[in-house]
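The primary structure of each chain is shown beneath.
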Amino acid sequence: MRYGQIRQYDIANGPGIRTSIFVTGCSLKCKNCFNKDYQDPNYGNLWTEENTLQIVNYLKKDEISGLTILGGEPFENAIDLIEIIKKIKEQIDKPIWIYSGYIYEILIKDPIHKKLLEEVDVLVDGPFIDSLKDLTLKFKGSSNQRIIDVNASLANNSIILLNGY
C-alpha cells in the first residue's frame, strides 16, 4: 500500500484532534476531488512497519481522539488496511473513521470490504459530488455523503447514521 501523507494532528476529518492517514489510489475520479494527486496508485511512499508504529505512537497521546483513514480510496487498499488496523488496535482503543467514495450498500456486499468495515467505527460514504458541495457540512464535502455508525449498522443489518451528524 502507498500513502500520500500522515497528519499527526488533523481537525478536519472527524471530531476532536485526530491522526490521519491519506492512502493513494482511487479509480472513482470524482470531479474536483480535493486530493487529485492521491488518485494515482503509484503516488506517495510505500507503507512500512515503521509507519504503523508511528501511528500507534501518535494515537497514544492523550490529545489525539482517534484515527481517520482517507485518500485516495481506502477500500481500494482494503487488504493492507485490514492488517494495519488490526496491529494498531492491538495497542490502541480509540475510534477509527474511514472515508469512501463508495456507498455502504455496495461495500457491505464485498467480503473483503466488509472485513475492513468490521475494523472501523465510522464510515463517511458516497462520492464527492461537486454540484452538492456544501462548506457548512461537518466532516463531509457534499450533501449526498453520510456519516454512518458502522458497528450499529452491522448489528442492525441496516444503515444507522452517527448521532449528531
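For the structure itself, look to the data block above.
Residues numbered from 1 in each chain as written. Predicted model: local features only at pLDDT ≥ 70, side-chain atom pairs only at ≥ 80, totals over all residues. Heavy atoms only, no water.

*Asks:* Please provide a residue-by-residue account of a nonpolar patch on the surface, values included.
*Replies:* Together, Tyr 9, Ile 11 and Ile 17 line one region of the surface with nonpolar side chains, adding up to about 310 Å² of accessible area. Among the secondary structure elements, Ile 11 is positioned in the loop between strand 1 (2-10) and strand 2 (18-23). Residue classification places Ile 11 among the exposed positions, given a relative accessible area of 67%. (Patch = residues over 30% accessible without salt bridge, like charges linked within 9 Å, V, L, I, M, F, W, Y side chains within 5 Å. Areas by Shrake-Rupley, 256 points an atom, 1.4 Å probe, with all protein chains shown as cover. Salt bridge = Lys/Arg side-chain N within 4 Å of Asp/Glu carboxyl O. Helix = DSSP H or I, 4+ residues; strand = E, 2+ residues; numbered from the N terminus. Buried < 20%, exposed > 50% of the residue type's maximum accessible area, 1.4 Å probe, protein only.)

*Asks:* Provide a residue-level description of the layout of surface pockets, including the pertinent values.
*Replies:* Here the largest pocket is characterised by a volume of approximately 640 Å³. Lining the largest pocket are 31 residues, with Phe 34, Tyr 99, Phe 128, Gly 141 and Gln 145 positioned closest to its centre. Its residues placed into classes, the lining of the largest pocket shows 15 nonpolar, 10 polar and 6 charged. (1 Å grid on protein atoms, 1.4 Å probe; cavity = no way out; pocket = protein on both sides within 12 Å on 5 of 7 lines; lining within 4 Å. Points joined across faces, edges and corners; volume = space filled by probe spheres on them. Nonpolar A, V, L, I, M, F, W, Y, C, P; charged D, E, K, R; others polar.)

*Asks:* Summarise the nonpolar core; cite the residues concerned and give the values.
*Replies:* In this structure, Trp 47, Ile 55, Leu 67, Ile 69, Ile 88, Leu 116 and Leu 123 are the most contacted members of the largest nonpolar core, which totals 31 residues. Secondary structure elements with two or more residues in this core: strand 1, strand 2, helix 1 (49-59), strand 4 (66-70), helix 2 (78-89), strand 5 (96-99), helix 3 (104-107) and helix 4 (111-118). Excluding residues that lie within four positions of it along the chain, Leu 123 makes contacts with Phe 75, Ile 98, Ser 100, Tyr 104, Leu 107, Leu 117, Arg 146, Ile 147, Ile 148 and Val 150. Leu 70, Trp 97, Phe 139 and Leu 162 belong to the second-largest nonpolar core, a separate cluster that totals 10 residues. (Core = buried A, V, L, I, M, F, W, Y, C linked by side-chain atoms within 4.5 Å. Contact = heavy atoms within 4.5 Å.)

*Asks:* Any details on the environment of Lys 61? Residues and values, ideally.
*Replies:* Note on placement: Lys 61 falls in the loop between helix 1 and strand 4. Given the relative accessible area of 32%, Lys 61 is considered partly exposed. Setting aside residues no more than four positions away along its own chain, Lys 61 makes contact with Gln 8, Tyr 9 and Lys 94.

*Asks:* So what's going on with the side chain of Asp 10? Residues and values would help.
*Replies:* Within the secondary structure, Asp 10 sits in strand 1. One polar contact links the side chain of Asp 10 to the main-chain amide nitrogen of Ala 12, over a distance of 2.9 Å. Within the structure, the side chain of Asp 10 is placed 2.7 Å from the side chain of Asn 13, a separation counted as a polar contact. Residues within four places of Asp 10 in sequence aside, it is in contact with Gly 16, Ile 17, Arg 18, Ser 20 and Phe 22. (Polar contact = N/O pair within 3.5 Å; in protein donor to acceptor, adjacent residues only side chain to side chain.)

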